[in-house]
Amino acid sequence: MPPAAGSPRKRKKKVKRKEESAGRETDVRRREEVQRVKHLQQLAEKGEVEKCLEELVFGTEDDLIGRLGGGLDVGDVNNVDLLHIGSSGSEAEGETEGSAPPVKKPAWVDEEDEAEELIDMTHRFRKNFMKSDAEKNLTREKLQCRLQQQFQRAMGGTPSWAERKKKKAKSEEEDEEDDFLRKTGNLLSASDSLPKGILQMKNCLNANHERPSEARLTTVQFHPSAQVVMTAGLDQSVSLFQVDGKTNPKIQSIHLERFPVYKARFTADGEQVVATSIRNKMFYVYDMMNGSILPVNKIPGLEERFIKKFEISPDGSFLLLTGTSGYLHLLSMKTKEFIGSMKINGKAIGAVFSPDGSKIYTNSDEGDVYIWDVKSRQCLNRFTDEGCLHGTCIAVSKNGKYLACGSSSGVVNVYTQDVCLHESSPKPVKAIMNLVTAATSLAFNSTTEILAMASNAADDAVKLVCDPSEGCCNVERCGNT
């Protein structure tokens, strides 16, 4: 009967085979160790001729270590960073790096920036930049040099806009610039003029957020000296708000019984508000200092059924009322007494005082513009607005240098004051045609750099135009934003 599986006889045979295999492996390792020791002994036993030949070719051990360390002593070799010793990958790269200007000393050093980032060159978009199969990884600087070289080959050289301008500043200026970059804080200061180029604008909270009007607004005006805005409209109220752009709290609101406000304006000193209605002969004067409301019912010598349009002189001395049949009535702002009237041909559309209050500019529905002297109430000049069939609005710049006239076609002509006073058919320095409907509102900003135009015949028909002034740009390059 054959022996059963796993019998003692079979186990002995397996153990014996394992021992024999282990013995053979031990003999092989022993023989390899003996051969290695013999080889080392042979290398150590060099002849004098062989040692002399090595010294002639490679030099002594001290000389070899000195050359590897860049001329340093043997003891200083361990302190040398061999990663920074070497040359660029190619002659072209060396020329590119040599032509670059010296790197400015950074204001601070980030530890993560010191580690060189390796770019995988085996990607299908970067394979063409490999010069050999060994360049599977390149640093970011070397890859940038390769891209610059390819661009220069495609462009036939380095374009002028890509050349780095050499800085000719002295060492003191560079030190000041370094100190400037190392400082933080508010580096902006208030400017008397607007910046050139694109003006950054953003929406803020509505000025009348705390008291929205229940009807259409007819007047919005900023206070001449305080950070306050006034709103008035057909809801028979006049409201004042403090403008901060965040909460815009309401200061005060007054209600005028059965008096839908057509127009309201601050006086020159900002202490009073004058308000007129749509179909009413009287007007109100609200004294904000005393909190009193004064109605002005009848003015001796003034024969007008309704009082709607008016203007207040910049010095606060006169109140100009636009009447019917081309009449302009001048009143004393202090006593509310009638002074005199001026008459133009046609219907008076708009009127405005000059910044010094000595002249009045008026345009008619026939396209003519009249210039009056306030003291004598005599017409100084009359001219025709070029291309205008029906005048709609008029405005004078704050410095008194320019006059803007709007027409029913949407064209706004800008004239200089000199030609307006001496010529009967002056040529505008600029005809602005950005509006496609009738221009109904014109206003210059305080520095005469921006001219705002608007039309109530279309939604969002508001244009801000670079005004012909020295602070912004030349009028010939005027354009809307």
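None of the values given here were measured: they were computed from a predicted structure.

About the cut-offs
- Residues numbered from 1 in each chain as written.
- Predicted model: local features only at pLDDT ≥ 70, side-chain atom pairs only at ≥ 80, totals over all residues.
- Heavy atoms only, no water.
- Helix = DSSP H or I, 4+ residues; strand = E, 2+ residues; numbered from the N terminus.
- Buried < 20%, exposed > 50% of the residue type's maximum accessible area, 1.4 Å probe, protein only.
- Contact = heavy atoms within 4.5 Å.
- Areas by Shrake-Rupley, 256 points an atom, 1.4 Å probe, with all protein chains shown as cover.
- Salt bridge = Lys/Arg side-chain N within 4 Å of Asp/Glu carboxyl O.
- Pairing = 2+ DSSP bridges.
- Axes fitted to C-alpha atoms, helices over the stretch in contact; angles between N-to-C directions.
- Phe/Tyr/Trp six-rings, centres within 6.5 Å; stacked < 30°, edge-to-face > 60°.
- Lys NZ or Arg CZ within 6 Å of the ring centre and 35° of its normal.
- Core = buried A, V, L, I, M, F, W, Y, C linked by side-chain atoms within 4.5 Å.
- pLDDT = per-residue confidence, 0-100.
- Patch = residues over 30% accessible without salt bridge, like charges linked within 9 Å, V, L, I, M, F, W, Y side chains within 5 Å.
- Lys, Arg positive; Asp, Glu negative; His and termini not counted.
- Charge placed at Lys NZ, Arg CZ, Asp CG, Glu CD.
- Polar contact = N/O pair within 3.5 Å; in protein donor to acceptor, adjacent residues only side chain to side chain.

## Here we look at the overall build of the chain
Part 1: In terms of helices and strands, the chain carries eight helices and 25 strands.
Part 2: Relative to its full complement of 481 residues, the chain shows a buried share of 31%.
Part 3: Pairs at least 24 residues apart make up 38% of the contacts formed inside the chain by residues separated by at least 6 positions.
Part 4: Carbon and sulfur atoms make up 51% of the accessible area of the chain, which amounts to about 32800 Å² in all.

## Looking at the pattern of salt bridges
Part 1: Counted according to the given criterion, the structure contains seven salt bridges.
Part 2: A salt bridge links Arg146 to Glu135, with the nearest nitrogen and oxygen atoms 3.1 Å apart. Within this pair, whereas Arg146 is found in helix 6 (residues 140-155), its partner Glu135 is found in the loop between strand 1 (118-120) and strand 2 (137-139), the two being separated by eleven residues in sequence. In this pair, the class of Arg146 matches that of Glu135, namely buried.

## What to know about the sheet that holds strand 23 (residues 441-444)
Part 1: Pairing in this open sheet of three strands is antiparallel, and the strands run 23-24-25 from one edge to the other. Either end of the sheet is taken by a strand with one partner, and the two such strands are strand 23 and strand 25 (462-466). Geometrically, the sheet is characterised by an average inter-axis angle of 15 degrees between neighbouring strands, direction not taken into account.
Part 2: Pairing of strand 23 with strand 24 (residues 450-454), which is carried by four bridges, proceeds in the antiparallel orientation. Note on strand 24: the bridge partner recorded for Ser441 is Ala454.

## Points about the packing of aromatic side chains
Part 1: Applying the stated criterion across every chain, the model contains three aromatic pairs.
Part 2: A ring pair is formed by Tyr370 and Trp372, whose centres lie 6.3 Å apart and whose planes are at 20 degrees; its orientation type is stacked. Just as Tyr370 is buried, Trp372 falls in that class too.
Part 3: A cation sits over an aromatic face here: Lys263 above Phe310, 5.2 Å from the ring centre.
Part 4: Here the basic side chain of Lys343 rests over the ring of Tyr327, its NZ or CZ set 5.7 Å away from the ring centre.

## Examining the sheet that holds strand 15 (residues 348-353)
Part 1: Read across the open sheet, the four strands follow the order 15-16-17-18; overall the sheet is antiparallel. Looking at which strands have only one partner, the edges of the open sheet turn out to be strand 15 and strand 18 (379-384). In this sheet, adjacent strand axes meet at a mean angle of 15 degrees when their direction is disregarded.
Part 2: The pairing of strand 16 (residues 359-364) with strand 17 (residues 368-373) spans five bridges and is classified as antiparallel. Bridge pairing links Tyr361 to Ile371 in strand 17.

## A short note on the nonpolar core
Part 1: Of all hydrophobic cores here, the largest spans 17 residues; its most connected members are Met230, Val238, Leu256, Phe259, Val261, Ala264 and Val273.
Part 2: At the level of secondary structure, the elements contributing two or more residues to this core comprise strand 4 (228-233), strand 5 (237-242), strand 7 (261-266), strand 8 (272-277) and strand 9 (283-287).
Part 3: Not counting residues up to four positions away in its chain, the partners in contact with Val273 are Met230, Ala264, Arg265, Phe266, Tyr284, Val285, Tyr286 and Met288.
Part 4: Membership of the second largest hydrophobic core comes to 15 residues, among which are Val414, Leu442, Ala461 and Val465.

## So, the confidence of the model for the chain
Part 1: Put simply, the chain has an average pLDDT of 80, and 75% of its residues get 70 or more.
Part 2: In the model, residues 71-98 has pLDDT below 50 throughout and makes 25 contacts with residues more than four positions away in sequence or in other chains.

## Some points on the pairing of strand 14 (residues 338-343)
Part 1: Both strand 13 (residues 327-332) and strand 14 contribute to a ladder of five bridges, which runs antiparallel. Pairing of Leu330 across the sheet is with Gly340, part of strand 14.
Part 2: In this structure, the hairpin formed by strand 13 and strand 14 is closed by a connection of five residues, where Lys336 is found at a positive phi of approximately 60 degrees.

## A few points about the environment of Phe310
Part 1: Looking at the element boundaries, Phe310 is found in strand 11 (residues 310-312).
Part 2: A C-alpha to C-alpha distance of 4.4 Å links Phe310 and Leu321, two positions eleven residues apart in sequence.
Part 3: Setting aside residues no more than four positions away along its own chain, Phe310 makes contact with Lys263, Ala264, Arg265, Val274, Thr276, Leu319, Leu320 and Leu321.

## What to know about a positive patch on the surface
Part 1: A contiguous patch of positive charge on the surface is contributed by Arg9, Lys12, Lys13, Lys14, Arg17 and Lys18.
Part 2: Among the structural elements, Arg17 can be located in helix 1 (residues 8-44).

## A word on the side chain of Ser313
Part 1: Tracing the sequence through the fold places Ser313 in the loop between strand 11 and strand 12 (318-322).
Part 2: Looking at Ser313, the relative accessible area reads 1%, which means it is buried.
Part 3: Here the side chain of Ser313 touches Ser317 through a polar contact of 3.0 Å, landing on its backbone nitrogen.
Part 4: A polar side-chain atom of Ser313 sits 3.0 Å from the main-chain amide nitrogen of Phe318.
Part 5: Beyond its immediate chain neighbours, meaning those up to four positions away, Ser313 contacts Ala268, Phe318 and Phe353.

## Structural notes on a nonpolar patch on the surface
Part 1: Where nonpolar side chains cluster on the molecular surface, the patch consists of Leu194, Leu199 and Met201 and spans about 270 Å² of accessible area.
Part 2: With respect to the helices, strands and loops of the structure, Met201 is situated in the loop between helix 7 (171-181) and strand 3 (217-222).
Part 3: Met201 sits in the exposed class, given a relative accessible area of 64%.

## Let's talk about the pairing of strand 15
Part 1: Within strand 15, six of the six residues are buried, which leaves it mostly tucked inside the rest of the structure.
Part 2: Hairpin connection between strand 15 and strand 16: a loop of five residues separates the two successive antiparallel strands, and Gly357 in this loop has a positive phi of roughly 75 degrees.

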